[in-house]
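Given next are the chains, with one letter for each unit.
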Amino acid sequence: MTNESKIIDGKAIAAELRAELAKKVEARVAAGKSVPGLATVLVGDNAASQSYVGMKQKACAKAGIKSFGIKMEADATQEEVEKVVSDLNANPEVHGILVQLPLPSHLDEEKVLNAISIEKDVDGFHPINIGRLAQKGREPLFVPCTPDGCIYLLDKIGAQIEGAEAVVLGRSNIVGMPLALLLVGRNATVTVCHSRTKDLPAVCRKADILLAAVGRPEMVKKDWVKPGAVVIDVGSNRIEDPSLEKGYKWVGDVDYDDVIDVVGRITPSPGGVGPMTIAKLLDNTVRAAEIADGK
Ligand code: GUN
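Residues numbered from 1 in each chain as written. Predicted model: local features only at pLDDT ≥ 70, side-chain atom pairs only at ≥ 80, totals over all residues. Heavy atoms only, no water.

(A) Representation of the side chain of threonine 146 in the model. Counting through the fold element by element, threonine 146 comes out in helix H6 (residues 145-156). According to the relative accessible area criterion, threonine 146 is buried, its value standing at 12%. If sequence neighbours within four positions are ignored, threonine 146 has contacts with Val175, Val234, Val273 and Thr277. (Helix = DSSP H or I, 4+ residues; strand = E, 2+ residues; numbered from the N terminus. Buried < 20%, exposed > 50% of the residue type's maximum accessible area, 1.4 Å probe, protein only. Contact = heavy atoms within 4.5 Å.)

(B) Molecular detail of the pattern of salt bridges. The tally for this structure, following the rule as stated, stands at 11 salt bridges. The partner of aspartate 293 in a salt bridge is arginine 28, and the shortest N-O contact between them spans 2.7 Å. Here aspartate 293 is found in helix H10 (residues 273-293), whereas its partner arginine 28 is found in helix H1 (residues 10-30), with 265 residues between them in sequence. Aspartate 293 gets classed as partly exposed once you look at its relative accessible area, which sits at 34%. Using a relative accessible area of 7% as the deciding quantity, one classes arginine 28 as buried. Put simply, lysine 280 and aspartate 283 hold a salt bridge, and the shortest N to O gap is 3.5 Å. Here the residue lysine 280 and the residue aspartate 283 both occupy positions in helix H10, the gap between them amounting to 3 residues, near one helical turn. Judged on exposure class, the residue lysine 280 and its partner aspartate 283 are both buried. Through salt bridges with shared partners, a single network forms among Asp148, Lys280 and Asp283. (Salt bridge = Lys/Arg side-chain N within 4 Å of Asp/Glu carboxyl O.)

(C) Broad picture of helix H7 (residues 176-185). Residues of H7 that are buried include every one of Gly176, Pro178, Leu179, Ala180, Leu182 and Leu183, and no others. Those residues of H7 hidden inside the fold are in contact with helix H5 (127-133), H6, strand E4 (165-169), strand E5 (189-193) and strand E6 (209-212). A positive phi of about 65° marks asparagine 187, the residue just after H7.

(D) How the structure looks around the packing of aromatic side chains. Evaluation of the coordinates by the stated rule reveals 0 aromatic pairs. Note that arginine 238 overlies the ring of tyrosine 248, its terminal NZ or CZ placed 3.7 Å from the centroid. Of note, lysine 246 hangs over the ring of tyrosine 248, and the distance from its end group to the ring centre comes to 5.3 Å. (Phe/Tyr/Trp six-rings, centres within 6.5 Å; stacked < 30°, edge-to-face > 60°. Lys NZ or Arg CZ within 6 Å of the ring centre and 35° of its normal.)

(E) Fine view of the packing of H6 against H7. Running from amino to carboxyl end, H6 crosses H7 at an angle of 40°, the nearest separation of the two axes being 8 Å. In terms of their interaxial angle, H6 and H7 are classed as oblique. Where H6 crosses over H7, the two elements pack in a sense that is right-handed. Across from Pro147, Asp148, Cys150, Ile151 and Leu154 in H6, the residues of H7 making contact are Pro178, Leu179, Leu182 and Leu183. Class assignment of the residues belonging to the contact of H6 with H7 gives a composition of 8 nonpolar, no polar and 1 charged. (Axes fitted to C-alpha atoms, helices over the stretch in contact; angles between N-to-C directions. Parallel < 35°, antiparallel > 145°, perpendicular 65-115°, else oblique. Left-handed = near helix turned anticlockwise from the far one by under 90°. Nonpolar A, V, L, I, M, F, W, Y, C, P; charged D, E, K, R; others polar.)

(F) Fine view of the nonpolar core. If you look at the biggest cluster of nonpolar residues, it comprises 46 residues, and the most contacted ones within it are Ile65, Leu154, Leu179, Leu183, Leu211 and Ile232. At the level of elements, H1, helix H2 (47-63), H6, E4, H7, E6, strand E7 (230-233) and H10 are the ones that each hand at least two residues to this core. It is H10 that contributes the most residues to this core, 8 residues altogether. In contact with isoleucine 232, not counting residues within four places along its chain, are Ile8, Cys150, Leu154, Leu210, Leu211, Ala212, Thr267 and Val273. Residues Cys193, Leu210, Ile260 and Ile266 belong to the second largest nonpolar core, which totals 21 residues. (Core = buried A, V, L, I, M, F, W, Y, C linked by side-chain atoms within 4.5 Å.)

(G) Spatial organisation of the pairing of E4. Across the 5 residues that make up E4, a large majority, 4, are buried. In this structure, E4 lies alongside E5, joined through 5 bridges in parallel fashion. Bridge pairing links valine 168 to valine 192 in E5. The β-α-β motif built from E4, the intervening H7 and the parallel element E5 has right-handed crossover chirality. Alignment of E4 against E6, held across 4 bridges, turns out to be parallel. Across the sheet, the residue bridging to alanine 166 is isoleucine 209, located in E6. (Pairing = 2+ DSSP bridges. Right-handed = clockwise from strand over helix to strand, strands pointing away.)

The structure is reproduced here in C-alpha cells:
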C-alpha cells in the first residue's frame, strides 16, 4: 500500500454525505414538508468558537438548511441563556439547537444543556442522550457529531470494529468519552487513556484502532502505533511555523510524517475528522426535522 492510499479522505467523504443530505432536504421541501432549521447559540467572543459556528452556518446554507444564529454577550446570565434555549425549544422553525462549547466559566454548562429539548439536541450532549448512549439496549435520539463522524469514517473504510482493540486518547465530554461509548456499543474492546495513564506508548501500541483526541500537537509518534493500525486523528491544533507567511499551521494530535510508514490507514488533520463533524451536525438536523414531522 502506498502512503497516499493510506489516507482516509474525510473531506471527500463528508462532501458526499453533505450532498446526499442536500438532496434529502430538497426532496422533503418539494413534498411540502418544513425546511430543516438549526439554531446556533454563541456566548461571548472566543475566536475559535466564532469560526466553528460560522463554518456550521455556511454548511447549513449549502445543504438548504435554515440557520438561526444567536449571539450573546460574554457576561450573559444563566437565566438569559436558558431563556434563549427555552424560546428556541418552542420555535417550530427550529429543529436543532446547538449551544457552542465551551461556555464562559460563570455559566453552568450542564444546566444549559439540560434545558435543550431532547428532540432538538442535535449535538447529543443532553444528559438523557448521553445517559442512553452509556447504557445497553437504550438508544439516544442523537449522538455527538465528532465521535459519530469517527465511526462513520471507520465504517466507510470497512474497518473491523467488532472485537478490535480500540484505544481512545482523551476523555472529554465532547469527544473522548462518547467515542469510547460508541466503540463499546460496537463491540470493540476499549481502553480510554488520559493524563495519568502509565506508559502511554505501550498502551497505544496494543491498538488495532487508535483514536487521538487530547489536543496535544503531534503527540503520537511512530513507536506508539502497531504496524497496520487504523489511526483516527481528532486533534486540531494551531502551532507556530515561522517558515510560513502566515506564521502558523494546523496539525493533529498525531505526528503524521512520523507515523505514516507504520499505519494501515490514517485520517489527516486538517481534512479528516473535522469535516465529518459538520456533516454529522447537518445529518442530525435533518433527522430532527423528521422527528418533528412525526409529532
Ligand atoms: N465545541 C467543540 N466542539 C463542539 C461541538 O461539536 N459542539 C459544540 N456545541 N461545541 C463544541
